Amino acid sequence: MKVDVLLGLQWGDEGKGKIVDVLTPQYDIIARFQGGPNAGHTLEFDGMKHVLHTIPSGIFRDDVMNVIGNGVVIDPVIFQKEVDDLASLGVDVNPRLLISRKAHLILPTHRLLDAANEKEKGKKKIGSTLRGIGPTYMDKTGRNGLRVGDIFRPDFKQRYDQLVKKHCGLLSHFDFEYDLSAFEPDWLESIERMRGMQVIDSEHWLNEQLDAGKRVLAEGAQGALLDIDFGSYPFVTSSTTTSAGACTGLGIAPTRIGEVIGIFKAYCTRVGSGPFPSELHDEVGDKLREAGNEFGATTGRPRRCGWLDMPALHYAAMINGVTTLCMMKADVLGDFDTVPVCTHYEVDGEHVDKLPYVVDEGTLKPHTQDMPGWPGDQTGVRTEEELPKTLVEYMAYIEAKIGSPIGIVSLGPNRLQTIIRK
Ligand code: GDP
Ligand code: IMO
Ligand code: MG
């Protein structure tokens with residue numbers, strides 16, 4: 001069997017959690033392959049709304065195993081809180097969750113380093129979620145990190161102390177005050193709890209499951225435009241958010257990748273700093289934020305809003321090898337008579353239809369084309385046949401430009417507000 005990958009094609013928050021939850025009944029295993037608690041994946045069903053950060057979005061369904069792959073970074077405190085929150089909803093996580101021995105641990109000092117770095121950057125800050133993601137991946141590639149498998153070593157505490165000492169040395173170079181003792185006891189207690197969970201060599205397990213005919217869906221976090229290589233560097237996250245990340249983050253060969261499901265909003269949002277060519281700085285942007293309830297699921301920050309950016313979407317689809325598209329939040333545009341789409345940019349008077357290396361607001365002008373909107377409330381639409389003609393035309397335009405079909409349209413946050421197209 002092959003692994004299908006579901007990932008974001010924009011700057012994150014496209015609605016990955018919702019669609020993974022919708023698709024989970026078609027799979028035996030849901031596996032996260034990168035990122036960490038910088039992610040906030042929202043699921044809504046049965047009158048309940050729940051946000052997951054580290055745990056895969058298949059966790060609510062019976063008979064499905066969930067895997068936190070080696071490419072993920074885990075903050076044990078946030079993770080145990082997620083486990084407890086799920087327990088209070090009646091979900092016993094332990095029997096249905098496997099954690100890779102090779103996943104890296106976020107230490108309290110990684111979070112402090114993240115905050116110190118951002119403070120020092122001042123106006124040039126990345127707008128990080130301050131979850132310690134960058135420093136943890138730096139320790140991973142710098143070959144200093146602690147991994148989940150290390151918690152079972154007799155000298156784990158010494159290893160931890162050694163790394164903390166190193167971090168404190170680094171922190172002393174910043175104008176930054178902190179009190180580590182406020183975080184350490186919780187962290188160590190959460191590690192203790194993790195020792196009682198199912199920690200495995202997930203790359204072996206996953207490949208064996210595939211050999212046995214099990215169906216696996218890899219759940220991405222963040223989005224292609226936040227990718228460490230292909231995002232708007234340095235305003236990116238520190239992991240490979242593209243389909244290639246599913247291989248390295250799970251131990252799956254490229255030949256074992258099946259469908260690549262790329263999710264995008266019918267418009268664009270971004271939270272944090274960095275280039276956003278089609279951003280709306282006016283009241284139209286505010287209207288989109290309000291209509292789409294565009295506030296971060298992890299940090300609560302208002303998301304920047306703008307129109308759909310075709311060159312950026314094309315780029316994201318290309319680097320991911322997208323086979324199916326999934327369009328989210330089409331209902332949010334029900335307040336607009338016309339829906340502009342960014343078709344290309346103008347840079348120094350030149351027509352540019354590829355995302356350029358430098359995206360500078362001063363020199364790059366987005367060009368938009370007005371598309372007829374689909375005014376009205378679409379949140380009750382349940383079948384493809386009921387979709388407004390103009391919305392179908394909007395999708396046909398995108399399909400033609402990107403060269404992949406839109407297999408799923410989402411018209412509201414609830415599980416039921418989803419149309420799987422024929
Ligand atoms: P993720 O990080 O990609 O999983 O996305 P988030 O959960 O951070 O953000 C998506 C937000 O949009 C959440 O609040 C969802 O409940 C909501 N949402 C998802 N799909 C739709 C949709 O089709 N319409 C509307 N109005 N909201 C949606
Ligand atoms: P999900 O999985 C939206 C953004 C941050 C910041 C940049 C770097 O919910 O789509 P980091 O904390 O990774 O060092 O922050 O990336 N960012 C996200 N934006 N959705 C996310 O995840 C994000 N994870 C990180 O806002 O600009
Ligand atoms: Mg999110």
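Residues numbered from 1 in each chain as written. Chains lettered and ligands numbered in written order. Predicted model: local features only at pLDDT ≥ 70, side-chain atom pairs only at ≥ 80, totals over all residues. Heavy atoms only, no water.

**A short note on the overall build of the protein**
Here comes step 1: Helix and strand content of the protein: eleven helices and 20 strands.
Here comes step 2: At 21 Å, the protein has a C-alpha radius of gyration in line with the 22 Å of a compact globule built from 422 residues.
Here comes step 3: With the C-alpha coordinates of the protein rotated into their principal frame, the extents come out at 65 × 50 × 40 Å.
Here comes step 4: A burial count over the protein gives 57% of its 422 residues as buried.
Here comes step 5: Within the protein, counting contacts between residues at least 6 apart in sequence, those at least 24 apart form 78% of the total.
Here comes step 6: Charge separation in the protein, taken as the distance between the mean sites of 46 positive and 59 negative side-chain charges, equals 4 Å. (Helix = DSSP H or I, 4+ residues; strand = E, 2+ residues; numbered from the N terminus. Rg over C-alpha atoms; globule rule 2.2 N^0.38 Å. Buried < 20%, exposed > 50% of the residue type's maximum accessible area, 1.4 Å probe, protein only. Contact = heavy atoms within 4.5 Å. Lys, Arg positive; Asp, Glu negative; His and termini not counted. Charge placed at Lys NZ, Arg CZ, Asp CG, Glu CD.)

**Focus: the site of ligand 1**
Here comes step 1: Among the 20 residues in the neighbourhood of ligand 1, the closest are listed as G15, K16, T42, D331 and S410.
Here comes step 2: The side chain of R303 places a nitrogen or oxygen atom 3.3 Å from an oxygen atom of ligand 1.
Here comes step 3: For ligand 1, an oxygen atom lies 2.5 Å from a polar atom in the side chain of S410.
Here comes step 4: Its free accessible area being 580 Å², ligand 1 has 94% of it covered by the protein chains.
Here comes step 5: For ligand 1, the cavity whose grid points lie within 2 Å of the majority of its atoms is the second largest pocket.
Here comes step 6: If you list the elements that add at least two residues to the shell around ligand 1, you get α1 (16–23) and β3 (41–45). (Near = heavy atom within 4 Å. Polar contact = N/O pair within 3.5 Å; in protein donor to acceptor, adjacent residues only side chain to side chain. Areas by Shrake-Rupley, 256 points an atom, 1.4 Å probe, with all protein chains shown as cover. 1 Å grid on protein atoms, 1.4 Å probe; cavity = no way out; pocket = protein on both sides within 12 Å on 5 of 7 lines; lining within 4 Å. Sits in = over half its atoms within 2 Å of the grid points.)

**As for the layout of surface pockets**
Here comes step 1: In this model, the second largest pocket occupies a volume close to 580 Å³.
Here comes step 2: Lining the second largest pocket are 27 residues, and of these T42, E44, R303, K329 and P413 lie nearest its centre.
Here comes step 3: For the lining of the second largest pocket, the elements supplying multiple residues, two or more each, are α1, β3 and β4 (48–52).
Here comes step 4: Counting residues per element, the lining of the second largest pocket draws most heavily on β3, which supplies four residues.
Here comes step 5: Residues belonging to the lining of the second largest pocket are distributed by class as follows: eight nonpolar, ten polar and nine charged. (Points joined across faces, edges and corners; volume = space filled by probe spheres on them. Nonpolar A, V, L, I, M, F, W, Y, C, P; charged D, E, K, R; others polar.)

**Here we look at the pattern of salt bridges**
Here comes step 1: Inspection of the entire model under this criterion finds 26 salt bridges.
Here comes step 2: A salt bridge links D85 to K81; the nearest nitrogen and oxygen atoms lie 3.0 Å apart. Within this pair, D85 and its partner K81 are both found in helix α2 (residues 76–88), separated by four residues, close to a single helical turn.
Here comes step 3: Here D150 makes a salt bridge to R153, at a shortest N to O gap of 2.9 Å. (Salt bridge = Lys/Arg side-chain N within 4 Å of Asp/Glu carboxyl O.)

**Looking at the coordination of the magnesium ion (ligand 3)**
Here comes step 1: Protein coordination of the magnesium ion (ligand 3) is provided by D13 (OD) and G40 (O), with donor distances spanning 2.1 to 2.2 Å. Of this pair, D13 sits in the loop between β1 (3–8) and α1 while G40 sits in the loop between β2 (29–32) and β3; the two residues are 27 residues apart in sequence, bridging distant segments of the chain.
Here comes step 2: Residue class for D13 comes out partly exposed when judged on its relative accessible area of 23%.
Here comes step 3: Taking relative accessible area as the criterion, G40 reaches 9% and is therefore assigned buried. (Donors = N, O, S within 2.8 Å, 3.2 Å for Na, K, Ca; no water.)

**Section: the pairing of strand β19 (residues 406–410)**
Here comes step 1: With respect to burial, β19 is a largely interior element, five of its five residues being buried.
Here comes step 2: Inspection of the sheet shows strand β15 (residues 324–328) paired to β19 by three bridges, in the parallel sense. When the bridges of β19 are listed, C326 appears paired with I408.
Here comes step 3: As paired elements, β19 and strand β20 (residues 418–420) share three bridges and run antiparallel to each other. Residue pairing for β20: S410 is matched across the bridge by T418. (Pairing = 2+ DSSP bridges.)

**Some words on the environment of G373**
Here comes step 1: Within the element layout of this structure, G373 appears in the loop between β18 (364–372) and α11 (389–402).
Here comes step 2: Residues G373 and L333, 40 residues apart in the sequence, show an inter-C-alpha distance of 7.4 Å.
Here comes step 3: If sequence neighbours within four positions are ignored, G373 has contacts with F336, D337, T338, V339 and T390.

**Describing the side chain of T242**
Here comes step 1: As for its placement among the helices and strands, T242 is situated in the loop between β10 (216–219) and α8 (243–250).
Here comes step 2: T242 gets classed as buried once you look at its relative accessible area, which sits at 2%.

**Description of the packing of aromatic side chains**
Here a ring pair, both rings aromatic, is described through the centre-centre distance and the interplanar angle of the planes.
Here comes step 1: Inspection of every chain in the model, using the stated rule, returns seven aromatic pairs.
Here comes step 2: An angle of 75 degrees between the planes, with centres 5.2 Å apart, marks the rings of F45 and F60 as edge-to-face. Taken together, the residues F45 in strand β3 and F60 in the loop between β4 and β5 (65–68) connect sequence positions 15 residues apart.
Here comes step 3: Aromatic side chains F156 and W187 sit 6.3 Å apart centroid to centroid with 15 degrees between the ring planes, which places their arrangement in the stacked category. Taken together, the residues span a long stretch of sequence, with F156 in helix α5 (residues 156–171) and W187 in helix α6 (residues 184–194) at a distance of 31 residues. (Phe/Tyr/Trp six-rings, centres within 6.5 Å; stacked < 30°, edge-to-face > 60°.)

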